[in-house]
Amino acid sequence: ANSTSASTSAQASAPQAPPVFQSTDRVLAYYGPVVRAKLKALFAAQNVAYPPRAMTWIALKEEKQLMLFAKNKTGAYKQVLTYPIIGTSGVAGPKLKEGDKQVPEGFYKIAGFRPNLVAHIGMDVSYPNAADKAHAQAEKRRNLGCDILIHGSKWSTGCLAMGNEPIEEMFVLAHDVRAKNIALIFAPCNLLHAVPAVNFKKQPAWLHDLYRELRSEMSRYPI
């Protein structure tokens, strides 16, 4: 009897698997009311309208942070939210090919919503972008890889794993802002204060220019 009750108790305390959704609308109906109430309060505390007209999400690979910026009612950028990236892979430096386990670096967009993943729910990242494709063509590289996401869970290969509760918030937020109004910046580190841990001799010649462009864009935000 004791072993049965212990087993039952262990099962009761085990974390429940998140629900499985067949559509984006189902995700929004399930999480939307609670998430929106929380986000509206957080945004209001920063004097930022909810949903904002546009956002910039900056991912720092080395620091393992995803920072979400929006303009407040006076037009100044505010860092409204910051989430730890709990699962990632690879090192500093761009993604160049399928299977290199690298998180991309550059300027991207949210390309779509994924309501049904092994890693709970998530959003597609627009890798490879036009610059990635142009560099690959010039260097005669093929098989650049694809299916890069911001998703739930805690394990990742080339994606950003954010944990389930944070991705539920980001999913609803991205839908409310509209994906086309969100700019994604993926950087090796906080380029305003740190030097990326890369050997430029082993990297493509264009990486210097990309980091300069990333640094210039990131300087617009109060990181």
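Please read these numbers as outputs of a predicted model, since none were measured by experiment.

> For empty space enclosed by the protein, give the residues involved together with the corresponding values.
For the coordinates displayed, the defined rule picks out one cavity of 30 Å³ or more. The computed volume of the largest cavity comes to approximately 30 Å³. Considering the residues around the largest cavity, the lining is formed by Lys95, Leu96, Tyr127, Asp132, His135, Arg141, Leu144 and Trp206. Class assignment for the residues of the lining of the largest cavity results in four nonpolar, one polar and three charged.

> Describe the environment of glutamate 169, listing the residues and the values that go with them.
Residue placement: glutamate 169 occurs in helix α4 (residues 164–177). C-alpha of glutamate 169 to C-alpha of valine 34: the two residues are 135 residues apart in sequence and 9.2 Å apart in space. If near-sequence neighbours (up to four positions away) are discounted, glutamate 169 is found in contact with Val35, Lys38, Leu39 and Tyr83. Side chain to side chain, glutamate 169 and tyrosine 83 meet in a polar contact 2.6 Å long.

> Can you explain the packing of aromatic side chains? Please cite residues and give values.
With the rule as written, the count across this model stands at ten aromatic pairs. Between phenylalanine 69 and tyrosine 221 the ring centres are 5.2 Å apart and the planes differ by 50°, which places this aromatic pair in the tilted class. One end of the pair, phenylalanine 69, is in strand β2 (residues 65–71); the other, tyrosine 221, is in the segment after α5 (207–218), with 152 residues separating them in the sequence. Comparing phenylalanine 69 with tyrosine 221 shows no difference in burial state: the two are buried.

> Run through the pattern of salt bridges, naming residues and quoting values.
Close approach of charged atoms allows side chains of opposite charge to pair. In total, this model carries ten salt bridges according to the counting rule given. Across the salt bridge formed by lysine 38 and glutamate 165, the nearest N and O atoms sit 4.0 Å from each other. With lysine 38 in helix α2 (residues 24–45) and glutamate 165 in helix α4, this residue pair connects regions lying 127 residues apart in the sequence. Of the charged contacts, one joins arginine 212 and aspartate 209 as a salt bridge, the two residues approaching to 2.2 Å between their closest N and O atoms. Residue arginine 212 and its partner aspartate 209 are located together in helix α5, separated by three residues, close to a single helical turn. With relative accessibility at 49%, the residue arginine 212 sits in the partly exposed group. Using a relative accessible area of 34% as the deciding quantity, one classes aspartate 209 as partly exposed. It is possible to trace a salt-bridge network through shared partners that takes in Lys38, Glu165 and Glu169.

> Describe the sheet that holds strand β7 (residues 160–161), listing the residues and the values that go with them.
Strand order across the open sheet formed by eight strands is β3-β2-β1-β8-β4-β5-β6-β7, with mixed pairing between neighbours. With partners counted over all chains shown, the strands left at the sheet margins are β3 (77–84) and β7, one partner each.

> If you had to explain the packing of α2 against α4 to someone new, which residues and values would you point to?
In contact at an axis separation of 8 Å, α2 and α4 are set at 90° when each is read in the N-to-C sense. As the angle between them shows, α2 and α4 are arranged roughly perpendicular. Across the interface between the two elements, Thr24, Val27, Leu28, Tyr31, Gly32, Val35, Arg36, Lys38, Leu39 and Phe43 of α2 pack against Glu165, Glu168, Glu169, Phe171, Val172, Leu173, His175 and Asp176 of α4. Here the contact of α2 with α4 is built from residues that sort into nine nonpolar, three polar and six charged.

> How would you explain the nonpolar core if you had to name every residue and give the values?
Counting 43 residues, the largest nonpolar core has Trp57, Ile150 and Leu173 as the members making the most contacts within it. Residues in contact with isoleucine 150, not counting those within four places in the same chain, are Trp57, Ile121, Gly122, Met123, Val125, Leu160, Met162, Ile167, Leu184 and Phe186. Residues Ile58, Met67, Leu207 and Leu210 belong to the second largest nonpolar core, which totals 17 residues.

Thresholds, definitions, all that
- Residues numbered from 1 in each chain as written.
- Predicted model: local features only at pLDDT ≥ 70, side-chain atom pairs only at ≥ 80, totals over all residues.
- Heavy atoms only, no water.
- 1 Å grid on protein atoms, 1.4 Å probe; cavity = no way out; pocket = protein on both sides within 12 Å on 5 of 7 lines; lining within 4 Å.
- Points joined across faces, edges and corners; volume = space filled by probe spheres on them.
- Nonpolar A, V, L, I, M, F, W, Y, C, P; charged D, E, K, R; others polar.
- Helix = DSSP H or I, 4+ residues; strand = E, 2+ residues; numbered from the N terminus.
- Contact = heavy atoms within 4.5 Å.
- Polar contact = N/O pair within 3.5 Å; in protein donor to acceptor, adjacent residues only side chain to side chain.
- Phe/Tyr/Trp six-rings, centres within 6.5 Å; stacked < 30°, edge-to-face > 60°.
- Buried < 20%, exposed > 50% of the residue type's maximum accessible area, 1.4 Å probe, protein only.
- Salt bridge = Lys/Arg side-chain N within 4 Å of Asp/Glu carboxyl O.
- Pairing = 2+ DSSP bridges.
- Axes fitted to C-alpha atoms, helices over the stretch in contact; angles between N-to-C directions.
- Parallel < 35°, antiparallel > 145°, perpendicular 65-115°, else oblique.
- Core = buried A, V, L, I, M, F, W, Y, C linked by side-chain atoms within 4.5 Å.

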